[in-house]
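Observations on the three-dimensional arrangement
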Amino acid sequence: MIKFPENFLWGGATAANQFEGAYNEDGKGLSTQDIAPKGIMGPVTAEPTEDNMKLIGIDFYHRYKEDIKLFAEMGFKVFRLSIAWSRIFPNGDDKEPNEKGLQFYDNVFDELAKYGIEPLVTISHYETPLALAKNYDGWVNRKLIGFFENYVRTIFTRYKDKVKYWLTFNEINSATHEPYMSAGIWTPKENLSKQDLYQAMHHELVASSLAVKIGHETNPEFKIGCMILGVPNYPLTSKPSDVLKAMEQDRQNLFFGDVHARGEYPRYMNRFFKENNIEIKMEPGDKEILKHTVDFISFSYYMSACATADPEKGVKGRGNLIGGVSNPYLEASDWGWQIDPEGLRYILNVFYDRYQKPLFIVENGLGAVDELITDENGNKTVNDDYRINYLNDHLVQVAEAIEDGVDLMGYTTWGCIDLVSASTAELKKRYGFIYVDRHDDGSGTLERYKKKSFNWYKEVIATNGASLKK
Ligand code: BGP
């Protein structure tokens, strides 16, 4: 029988910019997302435009009580959310925080506490204050470390008795693919030099380690993790050159885990930097700050990819920023992301073998088109067996990994309540156990309805995984 560890943190995950809405209420400043109506891959607009679904999101800002009640009904032990930096520091470089923004998260944390749900807070999730992007070119500028430090000190001090689990940067490695959305870099991707990109990454890595240091000083009970976009690369064939290519591509992501977990740059990056004419400018003290390693490694997992040394081979895959080459043995979701439950067991083992630190799966799920129907009792619902199957199969592999010896703290499904997609800014792409009546043309009542998967997940949590089907 499947058994998860006692005190396993079951729950769901969200991000402020994808579900809060209220983009300009109570003193919030604009973030990079507020002018990106087509999502991560799309162009930005001069001002926020009505077709940007994130401006209203699913209105969690006003409905958090109702939503948290539903999470509690499912039995959540943990709820992952992010703090919108521009709600606290509207321009990012302000000296004093916005009290109303701080109060909102106090209210949310208090509401979670009523039900005994632990918050897991991402400090920066694709929502850099827009002014920092425009006026400083985001993380390319070293000054961002100071602004981030001010933000981090503010929220750590304010919430030190309410929040124990923290993540620094969402999918920190994603900046190498989407520098604007992930790192607030205003320079267009095509004009951005690798030198500036990796220098920006250095600044984020220093800032992340600094957050760990400050966090532990603020409250020694804090558990602070990094967050990596996890896409394992398989060699497309058993050709040694493909195996080496897969290793190289994996290292592009593992680099970020390596620095966070080991406290220094891995030696293989020296070659990459040399071959790409990159020279990381370190200031005195940077190396010491990097020594403040994380308490745990968290990651998102939706898919795996293949790697080949032969550019003529393979079909280019689609997926979570890192597409790679398609795997001929796997099926894909409606959005072309290849579904690979065993890849989750694999990546859990890779991370654990490499770091021997506790792991936390903070995103996993299926983005799909849902149809709202009325059941025999007159209740509106969605028969989302496809989602149940996806999650069941992944969780079975998670249990296998635990059996392999992996130390896993918890699992939060992505978009436990329907929200706006990050890559395409669609509402049509739904992940939730809770259906939200809101659509890409801006219509909908914002009413919430329980999908079939709602009760399924409730049972998984209640039985601590024993109800999963092998
Ligand atoms: C991750 C992001 C999330 C999230 C998820 C699903 O990369 O951390 O913010 O949205 O992917 O992606 P999408 O919303 O594009 O389907």
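Bear in mind that the values here come from a model prediction, so they are computed numbers and not experimental data.

It is worth spelling out the side chain of D250 at this point. Mapping D250 onto the fold places it in helix 9 (residues 240-262). At 7.6 Å, R354 is the nearest oppositely charged side chain to D250, a buried residue that forms no salt bridge. A polar contact is formed between the side chain of D250 and the backbone nitrogen of N233, at a distance of 3.0 Å. Apart from residues lying up to four places away in sequence, D250 is in contact with V231, P232 and N233.

So, on to the site of the ligand. Contacts to the ligand come from 14 residues, most closely from Q18, E171, S423, K429 and Y431. A distance of 2.7 Å separates an oxygen atom of the ligand from a polar atom in the side chain of Q18. Residue S423 places a side-chain N or O atom 2.4 Å away from an oxygen atom belonging to the ligand. Protein burial of the ligand: of its 380 Å² of free accessible surface, 99% is covered by the chains.

Okay, the pattern of salt bridges next. Here the structure, examined in full by the defined rule, presents 30 salt bridges. In this structure, the salt-bridge partner of K162 is D110, at a minimum N-O distance of 3.0 Å. Note that K162 is positioned in the loop between helix 6 (143-158) and strand 4 (165-169) and D110 in helix 4 (residues 99-114), a separation of 52 residues in sequence. D110 sits in the partly exposed class, given a relative accessible area of 36%. With a shortest N-O distance of 3.1 Å, K213 and E217 are connected by a salt bridge. Placement of both K213 and E217 in helix 8 (residues 194-218) is noted, with a separation of 4 residues, approximately one turn of the helix.

Another aspect to go through is unusual backbone geometry. Although it is not a glycine, N7 sits at a positive phi angle of roughly 65°. In the Ramachandran plot, Q356 falls in the positive-phi region, its phi being about 50° despite a non-glycine side chain. Among the secondary structure elements, Q356 is positioned in the loop between helix 12 (341-355) and strand 9 (359-363). Judged by relative accessible area, Q356 falls into the exposed class, the value being 54%.

Between helix 13 (residues 385-404) and helix 14 (residues 452-462), the least distance of the axes is 9 Å, while the angle of their chain directions is 25°. Here helix 13 is positioned roughly parallel relative to helix 14, judged by the angle of their axes. Classified by chirality, the crossing of helix 14 by helix 13 is right-handed. The segment helix 13 lies against helix 14, with D385, R387, I388, L391, N392 and L395 engaging K452, S453, W456 and V460. Class assignment of the residues belonging to the contact of helix 13 with helix 14 gives a composition of 5 nonpolar, 2 polar and 3 charged.

Time to look at the UniProt feature "active site" (unreviewed entry) in the protein. The feature "active site" (unreviewed entry), as given by UniProt, occupies E363 in the numbering adopted here. By secondary structure assignment, the location of E363 is in strand 9. Residue classification places E363 among the buried positions, given a relative accessible area of 5%. Ignoring anything within four residues of it in the chain, the contact list for E363 reads R80, H125, N170, E171, M227, F299, S300, Y301, Y302, T412 and W414.

What follows deals with the environment of D295. Mapping D295 onto the fold places it in the loop between helix 11 (286-290) and strand 7 (296-301). Judged by its relative accessible area of 23%, D295 is partly exposed. Along the chain, D295 and P358 lie 63 residues apart, while their C-alpha atoms are 7.4 Å from each other. What D295 contacts, discounting residues up to four positions off in sequence, is H216, F222, K223, I224, K357 and P358. A polar atom in the side chain of D295 sits 2.7 Å from the side chain of H216. Polar contacts involving the side chain of D295 include one to the main-chain amide nitrogen of I224, which spans 2.7 Å.

By the secondary structure assignment, R158 is in helix 6. A C-alpha to C-alpha distance of 8.6 Å links R158 and D106, two positions 52 residues apart in sequence. Setting aside anything within four residues of it in sequence, one finds R158 in contact with E99, L102, Q103 and D106.

This part takes up the pairing of strand 3 (residues 118-124). Of all 7 residues that make up strand 3, 6 are buried, and the element is covered over most of its length. As defined by bridge partners, strand 2 (residues 78-82) adjoins strand 3 across 5 bridges and the pair is classed as parallel. Bridged to F79 within strand 3 is P119. With 4 bridges connecting them, strand 3 and strand 4 associate as parallel partners. The partner of V121 across the bridge, within strand 4, is W166.

Another point: helix 10 (residues 268-275). For helix 10, the set of buried residues is Y268, M269, F272 and F273. An end-on view of helix 10 places all buried positions within 135° of arc, on one side of the element. The exposed set on the far side of helix 10, more than 90 degrees from its buried face, consists of R271, K274 and E275. For helix 10, the elements touching its buried residues are helix 8, helix 9 and helix 12.

Take the sheet that holds strand 5 (residues 223-230) next. The strand order 1-2-3-4-5-7-9-12 describes a closed barrel built from 8 strands, whose pairing is parallel. Direction aside, the axes of adjacent strands within the sheet are offset by 25° on average. Note: strand 5 against strand 7, 6 bridges, orientation parallel. What sits directly across from G225, in strand 7, is F296. Sheet strands in contact with helix 8 are strand 4 and strand 5, and its direction is about 160° off that of strand 4. In this fold helix 9 packs onto strand 4, strand 5 and strand 7, with an angle of close to 170° to the strand it touches most, strand 5.

Conventions used here
- Every chain is numbered independently, its residues counted from 1 as its sequence is written.
- Reporting in this predicted model follows two pLDDT cut-offs: at least 70 for local features of residues, and 80 or more for side-chain atom pairs to be given and counted; totals over whole chains, interfaces and linings ignore these cut-offs and use all residues.
- In computing side-chain properties, one takes all heavy atoms of the structure into account and sets aside hydrogens as well as water.
- Each helix is a run of DSSP H or I of at least 4 residues and each strand a run of E of at least 2, with the numbering of both proceeding from the N terminus.
- Residue burial is assigned from relative accessible area. The probe radius is 1.4 Å, only protein chains are included, and a residue is buried under 20% of its type maximum, exposed over 50%, and partly exposed in between.
- Two residue types count as positive, namely Lys and Arg, and two as negative, namely Asp and Glu; His and chain ends fall outside the count.
- When a carboxyl oxygen of Asp or Glu is within 4 Å of a side-chain nitrogen of Lys or Arg, the pair counts as a salt bridge.
- Two N or O atoms count as a polar contact when they lie within 3.5 Å, although within protein this holds only if one can serve as hydrogen donor and the other as acceptor, and sequence-adjacent residues are included solely when both atoms are side-chain atoms.
- Whether two residues are in contact is decided by their heavy atoms, any of which lying within 4.5 Å being enough.
- We call a residue near a molecule or strand as soon as one heavy atom of that residue lies within 4 Å of the molecule or strand.
- Exposure was quantified through the Shrake-Rupley algorithm and a 1.4 Å probe, taking into account, for residues, occlusion by the shown protein chains and nothing else.
- Note on definitions: angles span 0 to 180 degrees between N-to-C directions of axes, and those axes are lines fitted to C-alpha atoms, for helices only across the stretch in contact.
- Oblique is the label for any angle not covered by the other classes, which are roughly parallel (under 35 degrees), roughly antiparallel (over 145) and roughly perpendicular (65 to 115).
- By the definition used in this description, the sense in which the near helix is turned from the far one sets the handedness, with an anticlockwise turn below a right angle giving left-handed and a clockwise turn giving right-handed.
- As a working rule, the residues Ala, Val, Leu, Ile, Met, Phe, Trp, Tyr, Cys and Pro are called nonpolar, Asp, Glu, Lys and Arg charged, and the rest polar, with Gly in that last group.
- UniProt positions are given in the numbering used here, feature names are shortened, and annotations may be inferred rather than shown by experiment.
- Two strands make a pair as long as DSSP finds a minimum of two bridges between them.
- Here, the arc refers to the directions that run from the helix axis to the C-beta atoms.

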